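Coordinates in review
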Amino acid sequence: MDNNLIASWQAEYSRTSSTVIIPDGCRDLIVKTLANDKPNWFVSELFDSAELVQIEANSQWAGFRLSPGAQIKEQALLEYIEAKQYHAQDVESFIGEFVSSESSIEEALECFACDAGSIKQSAAQLGVSVRTLQRLVLHKTNRTPSYWLQLARVRKAARSLTHNTLLADVAQNHGFSDQSHMNREFQRWLGLTPVQLFSSPAIIRQLNSKGYA
């Protein structure tokens, strides 16, 4: 598997439905097939909050998750698939021609995900100025360092929740100012509170799938 292709998934829906997608720091190459229609290929957006996605009846989906911060030649990729009339099983043979990553971005995102705490601390660990780090990350990912720091924090905090943990302790352990701050961040990114997460198995499965942090 190409290093920039970190996971793949498939789904099939017999009825019209909807599903909530939470931010995972990744973009996916997706193909949707509806009945006898021509396959529809597209690259998903980088989500900033939980999004409700509508699903058509009798649709089949296949997705290929690309690494956080990957550089995607989106238009060229989709035109190539269209011209070659490729299928989902062919993706691994050509994806590397259109998706790449830079070590500077990989290192920056890894630093943000490792509880660096602040942009200033991350910049110091990487040996660059705060301004340089901000420009680099914004230019290459179209998101600020704060986006990546906050996303990593809330995803890691969410995965650490158990029925036996005190929410105040989780908030403190993951750098939130207090439990109320953590609740607000959960609602912003995941669309639910920490307590609501316990009864949301679909969201828990997404949190445990491969993604950022």
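Presented here is an overview of the structure given in this document. (Residues numbered from 1 in each chain as written. Predicted model: local features only at pLDDT ≥ 70, side-chain atom pairs only at ≥ 80, totals over all residues. Heavy atoms only, no water.)

**Comments concerning the pattern of salt bridges**
A pair can form between side chains of opposite charge whenever their charged atoms are brought close. Condition: Here, a salt bridge means any Lys or Arg side-chain nitrogen found within 4 Å of an Asp or Glu carboxyl oxygen. Numbering of helices and strands starts at the N terminus; helices are DSSP runs of H or I of at least 4 residues and strands are runs of E of at least 2. For the exposure calls, accessible area comes from a 1.4 Å probe over protein chains only, and a residue counts as buried if that area is under 20% of its type's maximum, exposed if over 50%, partly exposed in between.
This model, assessed by the stated rule, comprises eight salt bridges. A salt bridge links Lys38 to Glu82, with the shortest nitrogen-to-oxygen separation between them at 2.5 Å. You can see Lys38 sitting in the loop between strand E3 (28–34) and strand E4 (40–43) and its partner Glu82 sitting in helix H1 (residues 74–84), a full 44 residues away along the chain. Among the residues examined, Glu82 registers a relative accessible area of 44% and is labelled partly exposed. For Glu185, the salt bridge goes to Arg188, with nearest N and O atoms at 3.9 Å. With Glu185 and Arg188 both in helix H8 (residues 179–190) and three residues apart, this pair spans about one turn of that helix. What emerges from the salt-bridge pattern is a single network uniting Asp24, Asp28 and Arg65.

**Here we look at the packing of aromatic side chains**
For the record, the criterion: Side-chain rings of Phe, Tyr and Trp, where Trp is taken by its six-membered ring, are said to pair if the distance between their centres is within 6.5 Å; with planes under 30 degrees apart they count as stacked, over 60 as edge-to-face, and otherwise as tilted. We call a charge positioned over a ring when the NZ of a Lys or the CZ of an Arg lies within 6 Å of the ring centre and within 35 degrees of the ring normal.
Scanning all chains against the criterion turns up eight aromatic pairs. Between Tyr80 and Phe98, the aromatic rings sit 5.1 Å apart at their centres with planes inclined by 45°, giving tilted as the arrangement. With Tyr80 in helix H1 and Phe98 in the loop between helix H2 (91–94) and strand E8 (99–100), this pair connects stretches of sequence that are 18 residues apart. For the pair Trp148 and Tyr212, a centre-to-centre distance of 5.0 Å together with 80° between the ring planes defines the contact as edge-to-face. Separated by 64 residues along the polypeptide, Trp148 in helix H6 (residues 145–160) and Tyr212 in the segment after helix H10 (201–208) bring together distant segments of the chain. Between Arg143 and the ring centre of Tyr147, over which it is positioned, the NZ or CZ distance is 5.5 Å.

**Details of the packing of helix H3 (residues 103–113) against helix H4 (residues 119–126)**
We apply this condition: Orientation is described by lines fitted to C-alpha atoms, with helices fitted over the stretch in contact, and by angles between N-to-C directions that extend from 0 to 180 degrees. Should an angle lie under 35 degrees it is considered roughly parallel, over 145 roughly antiparallel, and from 65 to 115 roughly perpendicular; all remaining angles are considered oblique. Note on convention: near helix rotated counterclockwise from far helix by under a right angle means a left-handed crossing. Clockwise means right-handed. Any two residues whose heavy atoms approach within 4.5 Å are treated as being in contact. Three categories are distinguished: nonpolar for Ala, Val, Leu, Ile, Met, Phe, Trp, Tyr, Cys and Pro, charged for Asp, Glu, Lys and Arg, and polar for the others, with Gly belonging to the last.
Two elements in contact, H3 and H4, have axes separated by 10 Å at closest approach and are oriented at 130°. By the angle class used here, H3 and H4 are oblique. Relative to H4, H3 is oriented so that their crossing is right-handed. Note on element contacts: H4 touches H3 through Ser122, Gln125 and Leu126, opposite Glu107, Ala108, Cys111 and Phe112. Residues of the contact of H3 with H4, tallied by class, amount to four nonpolar, two polar and one charged.

**Concerning the sheet that holds E3**
Definition in use: Strand pairing requires that DSSP identify at least two bridges connecting the strands.
One open sheet accounts for four strands, arranged E1-E6-E3-E4; its pairing is antiparallel. The open sheet terminates on both sides in strands that have one partner only, identified here as strand E1 (5–13) and E4. Geometrically, the sheet is characterised by an average inter-axis angle of 15° between neighbouring strands, direction not taken into account. Pairing analysis gives eight bridges linking E1 to strand E6 (residues 59–66), with the strands arranged antiparallel. Of the residues in E6, the one forming a bridge with Ala11 is Trp61. Where H1 meets the sheet, it contacts E3 and E4, and its direction lies at approximately 165° from that of E4.

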